[in-house]
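# Observations on the model geometry
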Amino acid sequence: MMRTTKKRPTFAEFKKKALQNKDVSKEYETLKPIFDIKKQLISARIKKGLTQDEVAKRVGTSKSNISRLESLNNNYTPNLATLIKYAKALEMKLEVDLV
């Protein structure tokens, strides 16, 4: 007897279906700005060729704090002073836009 395996949905398919739920969609919109900031932090650090440990030393904190700051798997919300220090460690500026 041959087994047929059900095709797993792609992340995009899963996300599209999940966002059809009103509560999920509301929570997603609430968290999206935080995740966007964290993705920008990670991307900027990688573009600068720095490790989390190197950024931590420049900021004056531990690698675990930088890891928590960048983590997409927690609900830690960085404060503005932390983001400014992080940007300076990358020799960048932090800009905030209200749209």
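Above this text is the structure in question.
First, a word on scope: everything that follows refers to the structure included in this document. Please read these numbers as outputs of a predicted model, since none were measured by experiment.

Let's shift gears to the overall build of the protein. Each helix and strand counted, the protein has 5 helices and 0 strands in total. If you list the helices and strands of the protein from N to C, you get α-α-α-α-α. Here the C-alpha atoms of the protein give a radius of gyration of 18 Å, more than 25% beyond the 13 Å that 2.2 N^0.38 yields for 99 residues. Expressed along its principal axes, the backbone C-alpha trace of the protein runs to roughly 60 × 35 × 20 Å. Expressed as a percentage of its 99 residues, the buried residues of the protein come to 18%. Looking at the protein as shown, the accessible area adds up to about 8,400 Å², and 55% of this sits on carbon and sulfur atoms.

Moving on, we get to a nonpolar patch on the surface. Judged by side-chain polarity, Leu 80, Ile 84, Leu 94, Val 96 and Leu 98 come together as a nonpolar surface patch covering roughly 520 Å² of accessible area. Turning to its location among the elements, Val 96 is positioned in the segment after helix 5 (80–89).

What follows deals with the side chain of Lys 38. If you trace the backbone, Lys 38 turns up in helix 2 (residues 22–47). Notably, Lys 38 is buried but unbridged: the nearest opposite-charge side chain belongs to Glu 70, and the N-O separation is 9.8 Å. One polar contact links the side chain of Lys 38 to the main-chain carbonyl oxygen of Ser 71, over a distance of 2.8 Å. Among residues more than four places away in sequence, those in contact with Lys 38 are Arg 68, Leu 69, Glu 70, Ser 71, Leu 72, Asn 74, Tyr 76 and Pro 78.

Here the focus is the pattern of salt bridges. Per the counting criterion, the structure on display carries 3 salt bridges. Lys 32 is paired through a salt bridge with Asp 36; the nearest N and O atoms lie 2.9 Å apart. One end of the pair, Lys 32, and the other, Asp 36, are both in helix 2, 4 residues apart, so they sit about a helical turn from each other. Judged by its relative accessible area of 31%, Lys 32 falls in the partly exposed class. Put simply, Arg 45 and Glu 70 hold a salt bridge, and the shortest N to O gap is 2.7 Å. Of this pair, Arg 45 sits in helix 2 while Glu 70 is found in helix 4 (residues 63–70), placing the two residues 25 residues apart along the sequence. What makes Arg 45 buried here is its relative accessible area of 10%. The class for Glu 70 is buried, based on a relative accessible area of 4%.

To continue, consider the packing of helix 2 against helix 4. With their axes 8 Å apart at the nearest point, helix 2 and helix 4 run at an angle of 125 degrees to one another. Classified by the angle their axes make, helix 2 and helix 4 are oblique. Contact residues: helix 2 offers Lys 38, Leu 41, Ile 42 and Arg 45, while helix 4 offers Arg 68, Leu 69 and Glu 70. A per-class count over the contact of helix 2 with helix 4 returns 3 nonpolar, no polar and 4 charged.

Analysis parameters
Residues numbered from 1 in each chain as written. Predicted model: local features only at pLDDT ≥ 70, side-chain atom pairs only at ≥ 80, totals over all residues. Heavy atoms only, no water. Helix = DSSP H or I, 4+ residues; strand = E, 2+ residues; numbered from the N terminus. Rg over C-alpha atoms; globule rule 2.2 N^0.38 Å. Buried < 20%, exposed > 50% of the residue type's maximum accessible area, 1.4 Å probe, protein only. Areas by Shrake-Rupley, 256 points an atom, 1.4 Å probe, with all protein chains shown as cover. Patch = residues over 30% accessible without salt bridge, like charges linked within 9 Å, V, L, I, M, F, W, Y side chains within 5 Å. Salt bridge = Lys/Arg side-chain N within 4 Å of Asp/Glu carboxyl O. Lys, Arg positive; Asp, Glu negative; His and termini not counted. Polar contact = N/O pair within 3.5 Å; in protein donor to acceptor, adjacent residues only side chain to side chain. Contact = heavy atoms within 4.5 Å. Axes fitted to C-alpha atoms, helices over the stretch in contact; angles between N-to-C directions. Parallel < 35°, antiparallel > 145°, perpendicular 65-115°, else oblique. Nonpolar A, V, L, I, M, F, W, Y, C, P; charged D, E, K, R; others polar.

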